[in-house]
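Breakdown of the fold
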Amino acid sequence: MELHTILGANGTIAKELLPILLSNNKEVRLVSRSPKSMQGVQTRQANVLNFEELYDALEGSSYVYMVIGLAYNHKIWQRDWLKIMQNVIRACKATKAKLIYFDNVYMYGKVNGVMTEETPYNPCSKKGKVRAEVARLLQTEMKAGTIDAIIVRAVDFYGPDVIEKSIIGMMVFANLKKGKSAQWLVNADLPRALSYVPDAAKGMYLLAISPNSYGQVWHLPTAQPTLTGREFIKLSVKYMHASDKVSVLPKWFLNLFGLFNKDIKEICEMLYQNEFPFQFSSEKFERAFHFVPTSYEEGIKNTAESFLNN
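So, a few notes on the structure that sits alongside this text. Each chain carries its own residue numbering, running from 1 in the direction its sequence is written. Per-residue local features are limited, in this predicted model, to residues with pLDDT of at least 70; the limit for side-chain atom pairs, both in listing and counting, is 80 or more; totals at the level of whole chains, interfaces and linings are taken over all residues. The basis for every side-chain value is the complete set of non-hydrogen atoms in the structure, without hydrogens or water.

Remark: exposure states derive from per-residue accessible area (1.4 Å probe, protein chains only) relative to the maximum for the residue type, with buried under 20%, exposed over 50%, and partly exposed in between. Where helices and strands are cited, they refer to DSSP runs of H or I of at least four residues and of E of at least two residues respectively, numbered from the N terminus. The buried fraction of strand 2 (residues 27–32) is high, at five of six residues. We treat two strands as partners when DSSP finds at least two bridges between them. Pairing between strand 1 (residues 3–7) and strand 2: five bridges, direction parallel. By the bridge assignment for strand 2, Ile 6 is matched with Leu 30. By definition, the crossover connecting two strands over a helix is right-handed if that path, from the first strand to the second, turns clockwise as seen with the strands pointing away from the viewer. Once the chain exits strand 1 it traverses helix 1 (residues 12–23) before rejoining the sheet at strand 2, and the crossover so formed is right-handed.

Set out below in structure tokens:
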């Protein structure tokens with residue numbers, strides 16, 4: 001039986017991808033620095049910065065879903081991301097595993113219009129420059145035909161029980177559950193694309209098992225039309241049965257706060273995503289797989305229910 005390995009097994013996408021693989025009767029291995037044991041699932045411990053550990057963890061894999069997340073710190077990204085990708089490429093080539101790399105959209109930078117798979121890389125942030133370098137490294141190998149790989153991309157995500165590494169989960173749903181006002185960054189009246197985690201995980205799996213998908217970049221399914229922050233919060237309030245007050249955090253405040261808080265400082269270089277319309281197209285995927293993304297209303301309803309019930 002073909003082995004599907006999730007590399008970075010404790011993250012948000014991994015947790016959603018695992019039940020999809022199991023429901024399709026796939027043999028699964030979880031790999032991370034501290035994988036959680038589960039009945040019927042293999043586990044391997046590995047530091048992705050150590051090639052020998054990584055190779056041992058991936059040996060025997062048919063598919064490797066690379067859903068690694070690093071601390072949200074540009075210095076760590078600059079230090080580690082390229083080395084990690086070099087190790088993963090080398091290990092996948094050595095084990096003849098197919099690679100499905102979960103990426104973001106930071107390498108595109110500020111885009112005047114809708115982001116598509118053809119959007120050129122023009123990063124305007126330190127973290128975006130790192131992601132562009134990493135993506136180019138993999139794409140060079142893909143173009144040379146030395147590895148079977150796919151790059152899949154999503155924007156900031158939300159979904160049931162998604163708080164970790166989800167600013168929407170923290171600022172909207174978690175706040176509303178606590179009886180606080182929902183928060184939004186910079187401007188709540190601009191379109192702000194968001195990916196629904198269950199759709200992203202389904203899309204990743206469908207691409208992995210489709211031989212014609214390889215050697216390409218794909219945007220994971222994301223609903224249209226894109227809502228503004230205020231529209232997103234209005235629906236969230238409806239299903240959370242909460243106050244409709246919105247607290248918009250201005251850029252000057254975040255920059256000031258960032259002087260004293262390193263996590264906020266890291267967010268500040270990405271605020272362009274909230275200063276201008278932020279629109280993302282998954283039309284290529286939708287056409288290829290006849291897939292209809294979950295609407296924002298349905299996704300928000302499901303997310304609200306999960307927050308209220310847990």
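Attention shifts here to the pattern of salt bridges. Whenever Lys or Arg places a side-chain nitrogen within 4 Å of a carboxyl oxygen from Asp or Glu, that contact is recorded as a salt bridge. By the definition in use, this model includes 11 salt bridges. The salt bridge partner of Arg 131 is Asp 103, with a shortest N-O separation of 3.0 Å. Highlighted residues: Arg 131 in helix 4 (residues 126–144) and Asp 103 in strand 5 (residues 98–103), separated in sequence by 28 residues. Of the two residues, Arg 131 and Asp 103, both sit in the buried class. We note a salt bridge from Arg 153 to Asp 103, for which the minimum N-O separation is 3.0 Å. In this pair, Arg 153 is assigned in strand 7 (residues 149–153) and Asp 103 in strand 5, connecting sequence segments 50 residues apart. Residue Asp 103 is classed as buried on the basis of its relative accessible area, which comes to 1%. In the salt-bridge network here, residues are joined through shared partners; they are Asp 103, Arg 131 and Arg 153.

Take a nonpolar patch on the surface next. Patches in this entry comprise residues that are over 30% relatively accessible and not in a salt bridge; like charges within 9 Å are linked, as are nonpolar side chains (Val, Leu, Ile, Met, Phe, Trp, Tyr) within 5 Å. Per-residue and other accessible areas were derived by the Shrake-Rupley procedure at a 1.4 Å probe size, with only the shown protein chains allowed to occlude residues. Together, Trp 252, Phe 253, Leu 256, Phe 257, Leu 259 and Phe 260 make up an exposed nonpolar region whose accessible area comes to about 730 Å². In this fold, Phe 260 is placed in the loop between helix 8 (251–258) and helix 9 (262–268). Residue Phe 260 is classed as exposed on the basis of its relative accessible area of 69%.

Relative to the elements of secondary structure, Ser 243 occurs in the loop between helix 7 (229–240) and strand 12 (246–249). The contact rule is simple, with two residues in contact once any of their heavy atoms fall within 4.5 Å. Setting aside residues no more than four positions away along its own chain, Ser 243 makes contact with Leu 176 and Val 237. Between N or O atoms, a polar contact is any pair within 3.5 Å; within protein, one atom must be a potential hydrogen donor and the other a potential acceptor, and residues adjacent in sequence are included only when both atoms are from side chains. A polar contact of 3.2 Å, which involves the side chain of Ser 243, links it to the backbone nitrogen of Lys 245.

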